[in-house]
Amino acid sequence: MYDRYDDNTGLAKHSELAHVVINYGNNGLYMSMGQQLFADELNELQVSSSYGDGIQLLKGKYTVTNSVIENSRYHGIRAYYEDADVTVRGSTIRNNGSHGLYGAHSSNNPSGFFREVSNSTIEGNGGDGIRNVNSSNPLTFQANRINDNGSHGIWATVSGAATDTVLTISGNAIRNNVGSGILTSRAIIVDDTLEYNKMAISLTGELSKAGTINENGNFYEGNQIANNQLNEAIGLYSSLEGKLGFTTPTSFVDPAYVPLSGDIHVSADDTLTIAPGTVVKSGLKATNEEFIVNGYLNASGTVDDKIVFTSILDDTYAGDTNRDGTETVPERGNWHRILVDGEQSVGSQFKHVIARYANTNFHLSDNTEVVIDSSYSSNANTGIYSYSGAKPTIRNSEIHHNQYGINVASSSADPNIHLNNFYDNDDAGLYVSRTVTATNNYWGDASGPFVDQGSDLNVEGNGDRIYISGSNEVSYRPFLTDRTGILLGDVSEEGSISAYDGSLVLQHVVDMIALSATQQAAADVSGDGSVAAMDASYILQYVVGSISGFPGAGKIRKVDPEELYDMETVVTENHYDLVIRSKGAIPLYAAELNIDYEQGLIEDVELVKTSQTRKWSNIVNAREGIAKVALAGIEAAEKEDDFIHLRFTFSDENKNKLPGDIQLTSLKLNDIDLGETAGEQLENLNKEFELPETFSLEQNYPNPFNPTTTIQYKMPVSGKVTVKVYNAIGRQVAVLVNEKLQQAGLYNLSWDGSSVSSGVYFYRISIAGEAGQNFTQVKKMTLIK
């Protein structure tokens, strides 16, 4: 039955179907209404033993009530492509070969969907009781009995929905399904009974959305969950984004998240944040399961509430999840790995994370820059593997009881490996196929690592071995002689952390002092392997209690410089100003920059306080044609406003000289290195100050103005200059320049009109060139108070 031309003018929509028996059809009932509302309910139908689907509904809005659809070869009711909008009430969907209710979708067609399924029985189907995946419309499933289906009771996800409350599952009895009772993206799950399923709840897709009831994940209330095979396990399936582990059913005491089958993905351009205390157990179906991160992952636990990635056989965390008996002991390789790769994953971090019993606990690849901080990697064939351009930061971590603690492949970048404890790794604590720096680590013994290769031997070392492949080298000195060694933030090495330690960092950054190797290790509180002004900011924030510990964040996600800041230069007769303006894209806590200039050109370099940095600490070290500047603060600069204002004062003999020899060689905002792009930007700005080809007087700006304005003029040759301002009746009111000899170049004058009244004024320039040239011009400007 269909509206033949899909033109919304047909009469088919007015047909009635009620009290009809349809047996042994191909598709028992096939309807397409051209996206119209089928006027009457499909009431009290009995559809049985169809060769295909019991009912196929396309292109329209339908309501099925009080009907029985059973024993079809495939699906009971298929809400097919082209936006079939279906409601099912008071019906029985049973014993169909595949899914009971199926909201079909494809990449080329809108999804058919079940707007409402209520007061119905959906049982004994070969696949899912209800499957409605990737709907762009709200879904409601309430007061149904969903039992004995061959896969999940309900598998429903919503993506790209216009409304915030998109998936409501309430008052259902969901029992004895082979898979999960409910597999869902973010949802409201209220007053459901979930019993005798493989597990009660599983998650996939978009897990949370800010500003909604699901801002932290599923909303759970009033559910009865008991006697499921993995009763306190929450399944994970396919791709995840949003927040994981921040909400669980209230009856769950010690839950674990278990991948249902295959790999778990954080896709490129997606973000996943994992809550402290979350336990992920892999290997339920196969030992080759991976947790793949191509996007951004923030797995930040706490000292007392760590995040755990381990084997399903590991009963140490979250108990005997798979109910195989607590005497089961996992072996290395019980699951495959955490794989982090791709530039979209840059900035991902694992802090206070435990990873164990994988083939490779952390596999870092494809140019990622990830931080592993204050974490544990153990009982794996390889604890951490760095490969294919990866440049990880590994610090403050316990790396033990692996075959190889860290393996750095020849294709890896040089990782930052420091302040770690290596011990009891079988073949090597560190295996390298390239040159690596791994200073300030503890190797399991006060005598340091055992090294019998390379240029720096330590054959008397009783700690874990460093194995060096080929002619590469490892810089492992100085090494720590015990497990504590260095107090982060204590740059002065006095046993405490104070603002003085932050000051030492700034002095080191501008080369006023040089910190020792151990002092630099203490100063690098950001964990990126270098000492920067941002480390001083973290120390100052810690001293005043703004943060309770050093973040170890290391790498910050890459930010397009055009989104982060812009730059301008102002040149006057006496000075050259470089102004860097924040665009407010991220909070800024620190900055450092280096400027090269012609030594005799500049008399003084001054950092002018801006509204955003007036309370910050700063140091300027200018000598021998190089200015190094570092500043750091406790309160973030978050506004779109001037951030850094650096003033270079010309020496008397060089006033009016063009600034072509001023070059920006380095710029960091927080820990983001912007040197290359910023240097090119300043170079382009300075090119504007090349000698002009003709005399000119530019229009003042702003205009109109109140009370100050800037007047710019250009001189291709040297000469005597006079600039005066007149009112509307020709009376002189100001002399800005009076017959002063100036060199060829571009000049900016400022006039403050606060002492005169609103009105029209004229400014006149007169230039007598040294070679006899003369230039005179008058322009009009308007003062409005």
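Residues numbered from 1 in each chain as written. Predicted model: local features only at pLDDT ≥ 70, side-chain atom pairs only at ≥ 80, totals over all residues. Heavy atoms only, no water.

Caption draft 1: Examining the overall build of the protein chain more closely. Assigned secondary structure in the protein chain consists of five helices and 63 strands. By the compact-globule yardstick of 28 Å for 785 residues, the protein chain is too spread out, its C-alpha radius of gyration being 35 Å. Taking the principal axes of the C-alpha coordinates as reference, the protein chain spans close to 110 × 85 × 45 Å. Counting across all 785 residues of the protein chain, residues that qualify as buried make up 55%. In the protein chain, of all internal contacts separated by at least 6 residues, the share reaching a separation of at least 24 is 61%. Summed over its atoms, the accessible surface of the protein chain is roughly 31500 Å², and 42% of this surface lies on carbon and sulfur atoms. One way to put it: in the protein chain the 55 positive side-chain charges average out to a point 6 Å from where the 98 negative ones average out. (Helix = DSSP H or I, 4+ residues; strand = E, 2+ residues; numbered from the N terminus. Rg over C-alpha atoms; globule rule 2.2 N^0.38 Å. Buried < 20%, exposed > 50% of the residue type's maximum accessible area, 1.4 Å probe, protein only. Contact = heavy atoms within 4.5 Å. Areas by Shrake-Rupley, 256 points an atom, 1.4 Å probe, with all protein chains shown as cover. Lys, Arg positive; Asp, Glu negative; His and termini not counted. Charge placed at Lys NZ, Arg CZ, Asp CG, Glu CD.)

Caption draft 2: Layout of the sheet that holds strand 56 (residues 672-673). Spatial strand order, 52-53-50-55-56: five strands in an open sheet with antiparallel pairing. Each edge of the open sheet is held by one strand with a lone partner, namely strand 52 (617-623) and strand 56. Sheet analysis places strand 52 next to strand 53 (residues 626-637), joined by seven bridges and oriented antiparallel. Pairing of Val620 across the sheet is with Val629, part of strand 53. Strands in contact with helix 3 (residues 533-543) are strand 50 (588-596), strand 52 and strand 53; relative to strand 53, the strand with the most contacts, it is inclined by about 35°. (Pairing = 2+ DSSP bridges. Axes fitted to C-alpha atoms, helices over the stretch in contact; angles between N-to-C directions.)

Caption draft 3: Structural view of the pairing of strand 63 (residues 774-783). Inspection of the sheet shows strand 62 (residues 759-769) paired to strand 63 by 10 bridges, in the antiparallel sense. Each residue of the ladder has a partner; that of Ile765, found in strand 63, is Gln777. Connecting strand 62 to the antiparallel partner strand 63 that follows it, the hairpin turn spans four residues, and Gly772 within it adopts a positive phi of roughly 95°.

Caption draft 4: View of helix 1 (residues 499-509). Here helix 1 lies mainly inside the structure; eight of its 11 residues are buried. Buried residues along helix 1 sit in contact with helix 2 (517-523), helix 3, strand 50, strand 52 and strand 53. Just downstream of helix 1 lies Asp511, where phi reads positive at about 65°.

Caption draft 5: Inspection of the pairing of strand 59 (residues 719-726) at higher detail. Bridge count between strand 59 and strand 60 (residues 732-742): seven bridges; the pairing is antiparallel. Residue pairing in the sheet places Tyr726 in a bridge with Gln732 of strand 60. Linking strand 59 back to strand 60 in an antiparallel pair, the connection comprises five residues, with Gly730 at a positive phi of about 90°. Two strands pair when backbone bridges link them, and strand 59 and strand 62 are joined in this way by eight bridges, in the antiparallel orientation.

Caption draft 6: Region of the structure containing the packing of helix 1 against helix 3. As a packed pair, helix 1 and helix 3 sit with axes 8 Å apart at the nearest point and diverge in direction by 170°. Viewed along their axes, helix 1 and helix 3 adopt a mutual orientation that is roughly antiparallel. Between helix 1 and helix 3, the contacting residues are Ala499, Asp501, Gly502, Val505, Leu506 and Val509 on the first element and Ala533, Asp535, Ala536, Ile539, Leu540 and Val543 on the second. For the contact of helix 1 with helix 3, a count of residues per class yields nine nonpolar, one polar and two charged. (Parallel < 35°, antiparallel > 145°, perpendicular 65-115°, else oblique. Nonpolar A, V, L, I, M, F, W, Y, C, P; charged D, E, K, R; others polar.)

Caption draft 7: Spotlight on a nonpolar patch on the surface. A surface patch of nonpolar side chains, amounting to about 300 Å² of accessible area, comprises Tyr542, Val543, Val544 and Ile634. Along the polypeptide, Tyr542 turns up in helix 3. Tyr542 sits in the partly exposed class, given a relative accessible area of 32%. (Patch = residues over 30% accessible without salt bridge, like charges linked within 9 Å, V, L, I, M, F, W, Y side chains within 5 Å. Salt bridge = Lys/Arg side-chain N within 4 Å of Asp/Glu carboxyl O.)

Caption draft 8: Local environment of the side chain of Thr310. If you trace the backbone, Thr310 turns up in strand 31 (residues 307-311). We classify Thr310 as buried; its relative accessible area is 0%. Not counting chain neighbours up to four residues away, the residues in contact with Thr310 comprise Val280, Lys281, Ser282, Trp335, Arg356 and Tyr357.

Caption draft 9: Just empty space enclosed by the protein, in detail. Applying the stated criterion across every chain, the model contains three cavities of 30 Å³ or more. Size it by volume and the largest cavity reaches roughly 70 Å³. Lining the largest cavity we find 14 residues, and of these Leu203, Gly217, Asn218, Lys243 and Thr247 sit closest to its centre. Here the lining of the largest cavity is built from residues that sort into six nonpolar, six polar and two charged. (1 Å grid on protein atoms, 1.4 Å probe; cavity = no way out; pocket = protein on both sides within 12 Å on 5 of 7 lines; lining within 4 Å. Points joined across faces, edges and corners; volume = space filled by probe spheres on them.)

Caption draft 10: Structural view of helix 5 (residues 675-687). Taking 1.5 Å per residue as the helical rise, helix 5 with its 13 residues ought to reach 18 Å, and the 18 Å between its terminal C-alpha atoms agrees with that figure. Listing the buried residues of helix 5 in full gives Gly675, Ala678, Gly679, Leu682, Leu685 and Asn686. Buried residues of helix 5, seen end-on, are gathered within an arc of 125° and therefore sit on one face of the element. On its buried side, helix 5 packs onto strand 48 (565-571), strand 49 (575-583), strand 55 (663-669) and strand 56. (Expected span 1.5 Å × (residues − 1). Arc of directions from axis to C-beta.)

Caption draft 11: Molecular detail of the environment of Gln224. You can see Gln224 is positioned in strand 23 (residues 224-226). Judged by relative accessible area, which is 51%, Gln224 ranks as exposed. For the pair formed by Gln224 and Pro249, sequence separation is 25 residues and the distance between their alpha carbons is 9.3 Å. Apart from residues lying up to four places away in sequence, Gln224 is in contact with Asp192, Thr193 and Leu194.

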